[in-house]
Amino acid sequence: MIYVRTSEARGHANHGWLDTHHTFSFSDYYDPDFMGFRSLRVINEDTVAPLRGFGKHPHRDMEILTYVVSGAVEHQDSMGTKAVIRPGEVQRMSAGTGVLHSEMNPLDEPLHLLQIWLMPERQGLPPGYEQKRFDPEERRGKFRVVASRDGRDGSLTVHQDVVLSATVLGEGEKVDYVLPPGRHAWLQVIRGEATLNGVALKAGDGAAVSEETALAFAAKAPTEALLFDMA
């Protein structure tokens, strides 16, 4: 069973400096039918104006992933972390018992990123930070694991039973994925146009997958996507 959450159906707000689309309920956007999927709570697609961003603010008991599509994010937090995240890099911040952080666009060009929140496997974890680069060659033509519970294949470690993979496909390319029995998936298309088991998807679309084991993802145009494999 595949259900498509289209790009147009997402919540949307334009604050001038921030143009944001919410796949699930977030901030002032509320839809009781879309509060999340399994442990996946937030997918926000944000475009941030040059030299603007999110000032210092708190989080707790959430696994927060940042995936930069273009531009750069300057991150600072109460753990003493100072870092810049660029395309090809993925950041994981475990908010745990509480953390303050800021995320700014330090460049004279727009920043395009995905902000992802996962519910942690338990509350009260110690805060933590991790950041890694995954070159396009590692993601091209295959699903490259970028975050997982056990940190497999050099991926980031998340405190939840989730395997997050990224792929970059050229026009006409196809990649297969085997979803173990009893598992569920969410596929988010970042750019391009593709099909998932024959179901058409475009940039901004998400697909909830249950009771399927063999997934075939085929690109009709150059495509970038994320696949969440979840309990």
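Note that this is a predicted model, so its numbers are computed, not measured.

**Here we look at the pairing of strand S10 (residues 99-104)**
In step 1: Two strands pair when backbone bridges link them, and strand S5 (residues 53-59) and S10 are joined in this way by five bridges, in the antiparallel orientation. Along S10, the bridge assignment pairs His57 with His101.

**A closer look at the UniProt feature "domain: Pirin N-terminal" (unreviewed entry) in the protein**
In step 1: Sequence positions flagged by UniProt for "domain: Pirin N-terminal" (unreviewed entry) are, in local numbering, residues 5-118.
In step 2: Secondary structure over residues 5-118 splits into 0% helix and 55% strand, and the C-alpha atoms at its two ends are 18 Å apart.

**Structural notes on the environment of Leu196**
In step 1: Relative to the elements of secondary structure, Leu196 occurs in strand S18 (residues 193-196).
In step 2: Note on Leu196: relative accessible area 1%, which makes it buried.
In step 3: Separated by 20 residues in sequence, Leu196 and Asp176 place their C-alpha atoms 9.6 Å apart.
In step 4: If we ignore the near neighbours within four places in the chain, the residues touching Leu196 are Ile2, Leu187, Leu201, Ala207, Val209, Leu215, Ala216 and Phe217.

**Brief notes about the sheet that holds strand S3 (residues 18-22)**
In step 1: An order of S2-S3-S4-S11-S6-S9-S12 is seen for the seven strands of this open sheet, with the pairing classed as antiparallel. The outermost strands of the open sheet, each flanked by one partner alone, are strand S2 (11-14) and strand S12 (128-133). Across the sheet, the mean angle from the axis of one strand to that of its neighbour is 15°, orientation sign disregarded.
In step 2: As paired strands, strand S6 (residues 63-70) and strand S11 (residues 111-118) are joined by seven bridges and run antiparallel to one another. Along S11, the bridge assignment pairs Glu63 with Leu118.

**Let's talk about the packing of aromatic side chains**
In step 1: The final tally for this structure, using the stated rule, is seven aromatic pairs.
In step 2: Aromatic ring contacts, followed pair by pair, group Phe24, Phe37 and Trp186 into a single cluster.
In step 3: Over the ring of Phe34 we find Arg5; its NZ or CZ atom is 3.7 Å from the centre of that ring.

**Focus: the sheet that holds strand S22 (residues 223-230)**
In step 1: Ordered by their spatial adjacency, seven strands build an open sheet running S1-S20-S17-S22-S15-S13-S14, and the pairing between neighbours is mixed. Sheet topology places strand S1 (2-5) and strand S14 (156-157) at the edges, where each strand pairs with a single neighbour.
In step 2: For strand S13 (residues 144-148) and strand S15 (residues 162-169), the ladder comprises four bridges, and the chain directions are antiparallel. When the sheet's bridge partners are listed, Val145 is paired in S15 with Ser165.

**Quick word on the UniProt feature "domain: Quercetin 2,3-dioxygenase C-terminal cupin" (unreviewed entry) in the protein**
In step 1: UniProt's entry tags residues 145-230 with the feature "domain: Quercetin 2,3-dioxygenase C-terminal cupin" (unreviewed entry), counted in the numbering of this structure.
In step 2: The annotated region residues 145-230 carries 0% helix and 62% strand content, and the separation between its end C-alpha atoms amounts to 13 Å.

**Describing the pattern of salt bridges**
Side chains that differ in sign of charge can pair as their charged atoms come close.
In step 1: Overall, the coordinates contain 18 salt bridges when judged by the stated rule.
In step 2: Ionic pairing is found between Arg149 and Asp161, a salt bridge with its closest N-O pair at 3.9 Å. Residue Arg149 is located in the loop between S13 and S14, and its partner Asp161 is located in the loop between S14 and S15; the two are separated by 12 residues in the primary sequence.
In step 3: Of the charged contacts, one joins Lys202 and Asp205 as a salt bridge, the two residues approaching to 3.1 Å between their closest N and O atoms.

**Remarks on the layout of surface pockets**
In step 1: Here the largest pocket defines a volume of roughly 310 Å³.
In step 2: Leu18, Phe26, Asn44, Asp46 and Phe54 are the residues nearest the centre of the largest pocket, which is lined by 19 residues in total.
In step 3: Listing elements by their share of the lining of the largest pocket, those giving two or more residues are S3, strand S4 (40-48), S5, S10 and S11.
In step 4: For the lining of the largest pocket, the class distribution of residues is seven nonpolar, nine polar and three charged.

**Thoughts on the nonpolar core**
In step 1: With 26 residues, the main nonpolar core has Leu40, Tyr67, Leu114, Trp186, Leu226 and Phe228 as its most contacted residues.
In step 2: Within the residue set of this core, elements represented by two or more residues are S4, S6, S11, S13, S15, strand S17 (184-191) and S22.
In step 3: Other than its neighbours up to four places away in sequence, Leu114 contacts Ile43, Asn44, Glu45, Leu65, Thr66, Tyr67, Val69, Gln188, Ile190 and Leu226.
In step 4: Judged by nonpolar contacts, the second largest core, of 20 residues, contains Leu169, Tyr177, Val209 and Leu227.

**Quick word on unusual backbone geometry**
In step 1: The backbone of Asn197 shows a phi angle near 50°, a positive value even though the residue is not glycine.
In step 2: Residue position: Asn197 is located in the loop between S18 and strand S19 (199-202).
In step 3: The class for Asn197 is partly exposed, based on a relative accessible area of 30%.
In step 4: For Glu211, which is not glycine, the phi dihedral falls at a positive 60°.
In step 5: Looking at where Glu211 falls in the secondary structure, it is placed in the loop between strand S20 (206-209) and strand S21 (214-219).

What counts and how
- Residues numbered from 1 in each chain as written.
- Predicted model: local features only at pLDDT ≥ 70, side-chain atom pairs only at ≥ 80, totals over all residues.
- Heavy atoms only, no water.
- Pairing = 2+ DSSP bridges.
- Helix = DSSP H or I, 4+ residues; strand = E, 2+ residues; numbered from the N terminus.
- UniProt positions renumbered as here; feature names shortened; annotations may be inferred.
- Buried < 20%, exposed > 50% of the residue type's maximum accessible area, 1.4 Å probe, protein only.
- Contact = heavy atoms within 4.5 Å.
- Axes fitted to C-alpha atoms, helices over the stretch in contact; angles between N-to-C directions.
- Phe/Tyr/Trp six-rings, centres within 6.5 Å; stacked < 30°, edge-to-face > 60°.
- Lys NZ or Arg CZ within 6 Å of the ring centre and 35° of its normal.
- Salt bridge = Lys/Arg side-chain N within 4 Å of Asp/Glu carboxyl O.
- 1 Å grid on protein atoms, 1.4 Å probe; cavity = no way out; pocket = protein on both sides within 12 Å on 5 of 7 lines; lining within 4 Å.
- Points joined across faces, edges and corners; volume = space filled by probe spheres on them.
- Nonpolar A, V, L, I, M, F, W, Y, C, P; charged D, E, K, R; others polar.
- Core = buried A, V, L, I, M, F, W, Y, C linked by side-chain atoms within 4.5 Å.

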